[in-house]
Amino acid sequence: MTSLTPAQFVRLVSAREINTRLRTKGFAIGTALMLVAIAGYIALVHLISGSSATVGLTSPVASLRPPLQSVASASGKKIETVAVAPADASAGASKVRAGELDALVVGSPDDFTVVVKRQLTGDLRTVFTVLARQQALNRQILALGGEPAQVDATVAAATVNTVALESGSGQYTQRLVLGVMAGGLIYIALVLYGQGLAQSVVEEKSSRVVELLLSTLRPYQLMAGKVLGIGTVGLLQFLILGVAGLAAALADGVLTIDVGAAAGMLAWAVVWYLLGFFLYALLFAAGGALVSRQEDIGAVVSPLLVLIIIPFGIGLLTVPTNPNSTLVAVLSLVPLFAPMLMPMRLGAASVSGLEAAVAVALTVVLLVLLVRVTGRIYANAVLRTGARTRLRDALRPA
Amino acid sequence: MGLEFDRVSKRYGRTVALDDLSFEVAVGEVFGFVGPNGAGKTTAMRIALGVLAADSGVVRWEGTPLTLDVRRRVGYMPEERGLYPKMKVRDQLVYFARLHGMTDGAARRAVEDWTQRLGVADRAGDDLQKLSLGNQQRVQLAAALVHDPVILVLDEPFSGLDPVAVDLMSDVLRGQARAGVTVLFSSHHLDLVERLCDRVGIVSAGRLVACGTVTDLRGTGPVRYVVDVPDAPPGWAHRLPAVKVLSTSGSRAELELAPGADEQAVLRAALAAGRVTQFAPELPSLNELFRHVMREAA
């Protein structure tokens, strides 16, 4: 037997936390559920932005295919066309009824009718309205002795001239969504693993195993091991979700920003997850040490949860609509708020290097301070059983 | 040398838990720690384990204060048992062995060995909470022994044990002491303490009020005789000086002699009263000694 160094004690404790947590059903199920939620979100975005409509064309109106496609692509709508034989017009109608076709075009090119299940909706209505007007226009051009194809070519060549005041505006929304998602993931991780840590501290108190533990190692070593162990499990889950989500969104094409930018955002999210987790974990560990029974845990955990919910709520309500809000800009520098607000702002707005550095520095300063204070609370309170230990008593020097 | 408590004091606010408590447990000795609830036994043990800090005084092992380094070689069973309810028996025993400085391989071998010896090997893969209370106690004992300690500090190791487990625990304690382990344990089961311990310490209100072998302690207690004089008139013994009649049943009387009283004088008086069929010293049990000491201390 050899004497263990403090680092070895911390490693033993954190290894136990990691092993027991990774083996629980909760971890696997929780991660799987969150992956499903992310996949569902990506599918939803895909559905909304990129869905195409299927339109059946009977043979008399087959010549409408090229103008229909050109109108559709000009208005940003994807349309697939399917040829339907005239004898099958009734069969085509039943396909519309069955939902296989979104619309069926019958009649003649000059006077066509669109058969739909209930109504011609949104984008498709626009496309067909424009098509009908174009056909009418073509007839007028012919009647006036003009050449419709020539006019069409001239018209088609005309485009809107735009001037973008900010670059990458197409990716702006994506970055915004990514930022909010990063903030959301950090929020979920803080709530889940912060509470998990407090529960684990109370479990050791209520089962009295802490007395046996503290006959071999010092309180700060136990606390550090627990915080690092649970933080590692949280980081693992965070990375699984972050990498899988980004990879899926990039592969699917929902996300079109370049991989480097996505990785950069993920890296910042990891930095803020770590800073945020340690900040809150210290508070959760000290809070857990103040109570002796699982039933009393709510009293110490709820104030901390409120502290987490407030910045997340402010971010969620403000950043998407007003990313350059001064309130959010100021709050994102405040240590306990920064871990959720900074990632959101990083996505939506340009955060200057100075701002990022100040936010990190302030958080680290608070972290150092909290290590001392919470370490003392934990050491003083973790062996006291019975009624909830008053904070004032726990802060007294041992 | 051995394990030495040197003038250890501890107060909780105005309550004095330990008041200059001093005693020694020799190497390889089984020392029984008895006293009423709240006398300070648990406080003394927790101070020895470093779970609690003493206000003054020191606990030494072989002359040097008990540091964390020495405590690695102490096996501890807290009064309020404590293990992880939702952790597998083997995993947590290995964990505790490793916290005491064993390598993973040595820890696994020791856990295998002790779960076998304590009869819980077949439950080693189960969560602790699935075991019966009796088996949980065995695992708790294994947790105190698994790192091959040189000192055992057991707080109420017999409480809550069924008779089979009591025998097992007794055998283990004796076996450990034979192997040179120094054992300090507290108990309210005075008959067990009497049977197992080389020496006994009685604490009351944070002070050691008596300490020694059970035989030594008996010498300090009251001297009692059972005397049977069938033909004697009732109440013959009541008039004897320095003698208290504790009880009579038929012609038999239980007498307690005042310290220093001459038992030969009592015998002569009995013979004078009639035919004596029994005149036997009654050795007080530790139970009676304990009550006596507590009365004296109060």
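Everything numeric here is computed off the predicted structure, so don't read it as measured data.

1. Points about the overall build of chain B
Alright, step 1. Check the secondary structure of chain B and you find 10 helices and 14 strands.
Alright, step 2. In terms of overall dimensions, chain B has C-alpha extents of about 75 × 45 × 35 Å along its principal axes.
Alright, step 3. The 298 residues of chain B split such that 50% are buried.
Alright, step 4. Put simply, 68% of the contacts in chain B that link residues at least 6 apart link residues at least 24 apart.
Alright, step 5. Looking at chain B as shown, the accessible area adds up to about 13,300 Å², and 49% of this sits on carbon and sulfur atoms.
Alright, step 6. Each charge sign in chain B was given a centre, from 35 positive and 37 negative side chains, and these centres are 4 Å apart.

2. Some remarks on the domain arrangement of chain A
Alright, step 1. On domain assignment, one finds that chain A holds domain 1 (6–44 + 171–394) and domain 2 (51–164).
Alright, step 2. Here the C-alpha centroids of domain 1 of chain A and domain 2 of chain A sit 54 Å apart.

3. What to know about the interface of chain B and chain A
Alright, step 1. Facing the 28 residues of chain B at the interface are 24 residues of chain A.
Alright, step 2. Summing the contributions of chain B and of chain A, the shared interface buries around 2,500 Å²; its carbon and sulfur component is 63%.
Alright, step 3. Applying the counting criterion to the chain B and chain A interface returns three salt bridges.
Alright, step 4. The residue B:Arg46 makes a salt bridge to A:Glu211 at a minimum N-O spacing of 3.1 Å.
Alright, step 5. Counting every contact that joins chain B to chain A gives four residue pairs in polar contact (both at pLDDT 80 or more).

4. Here's the deal with the pattern of salt bridges
Residue and element names in this part refer to chain A.
Alright, step 1. On inspection of all chains with the given rule, the structure shows 28 salt bridges over all chains.
Alright, step 2. Ionic pairing is found between Glu355 and Arg345, a salt bridge with its closest N-O pair at 3.1 Å. With a gap of 10 residues between them, Glu355 in helix 14 (residues 353–381) and Arg345 in helix 13 (residues 338–348) connect regions that are remote in the sequence.
Alright, step 3. Overall, the relative accessible area of 5% leaves Arg345 in the buried class.
Alright, step 4. Because the salt bridges share partners, they merge into one network encompassing Arg16, Glu17, Arg21, Glu204 and Lys226.

5. Describing helix 5 (residues 122–143) of chain A
Side chains three or four residues apart in an α-helix point the same way, a direct result of the helix having 3.6 residues per turn.
All names here are of chain A.
Alright, step 1. For helix 5, with 22 residues, the first-to-last C-alpha span of 32 Å sits near the 32 Å given by 1.5 Å per residue.
Alright, step 2. Those residues of helix 5 that fall on the buried side of the exposure criterion are Leu124, Val127, Phe128, Leu131, Gln134, Gln135, Asn138 and Ile141. Burial along helix 5 is one-sided: seen end-on, the buried residues are contained in an arc of 140 degrees. Of the exposed residues in helix 5, the ones pointing more than 90 degrees away from its buried face are Arg133, Gln140 and Ala143.
Alright, step 3. Those residues of helix 5 hidden inside the fold are in contact with strand 1 (52–58), helix 3 (65–74), strand 2 (78–84), strand 3 (103–108), strand 4 (111–115) and helix 6 (148–157).

6. Describing the sheet that holds strand 4 of chain A
Residues and elements named next belong to chain A.
Alright, step 1. Here we have four strands laid out as an open sheet, ordered 2-1-3-4, and mixed in their pairing. Only two strands of the sheet have a single partner each, and these edge strands are strand 2 and strand 4. Neighbouring strand axes in the sheet, compared pairwise and without regard to direction, differ in orientation by 25 degrees on average.
Alright, step 2. Both strand 3 and strand 4 contribute to a ladder of five bridges, which runs antiparallel. Within the sheet, the bridge partner assigned to Val106 lies in strand 4 and is Thr113.

Rules behind the numbers
- Counting of residues starts from 1 at the beginning of each chain's written sequence and follows it residue by residue.
- Note on labels: chains are lettered from A, ligands numbered from 1, in written order.
- Given that the model is predicted, a residue must reach a pLDDT of at least 70 before its local features are reported, and side-chain atom pairs must reach 80 or more before they are shown or counted; all residues, however, enter totals for whole chains, interfaces and linings.
- Computation of side-chain values: all heavy atoms of the structure, hydrogens and water removed.
- Only DSSP runs of H or I with at least four residues qualify as helices, and only runs of E with at least two residues qualify as strands; both kinds are numbered from the N terminus onward.
- For the exposure calls, accessible area comes from a 1.4 Å probe over protein chains only, and a residue counts as buried if that area is under 20% of its type's maximum, exposed if over 50%, partly exposed in between.
- Between two residues, a contact is recorded if the distance between any of their heavy atoms is within 4.5 Å.
- To be clear on the numbers: accessible area is Shrake-Rupley with a 1.4 Å probe, and residue cover counts the displayed protein chains and nothing else.
- Under the convention used here, Asp and Glu are negative, Lys and Arg are positive, and both His and the chain ends fall outside the count.
- Charged groups are reduced to one reference atom each: NZ for lysine, CZ for arginine, CG for aspartic acid, CD for glutamic acid.
- Each domain's extent was defined by an automatic or database domain assignment.
- Buried area is calculated as the accessible area (1.4 Å probe) missing from two parts once they are joined, with the contributions of both summed.
- A pairing counts as a salt bridge when a side-chain nitrogen of Lys or Arg comes within 4 Å of a carboxyl oxygen of Asp or Glu.
- Distance and chemistry together define a polar contact, namely a pair of N or O atoms within 3.5 Å, with one atom able to donate a hydrogen and the other to accept it when in protein, and with adjacent residues in sequence counting only for side-chain atoms on both sides.
- The span one expects for a helix is its residue count, reduced by one, times 1.5 Å.
- Directions pointing from the helix axis toward each C-beta atom define the arc.
- A pair of strands is labelled paired if DSSP reports no fewer than 2 bridges between them.
- Angles shown run from 0 to 180 degrees and are taken between the N-to-C directions of axes, each axis being a line fitted to C-alpha atoms and, for helices, limited to the stretch in contact.

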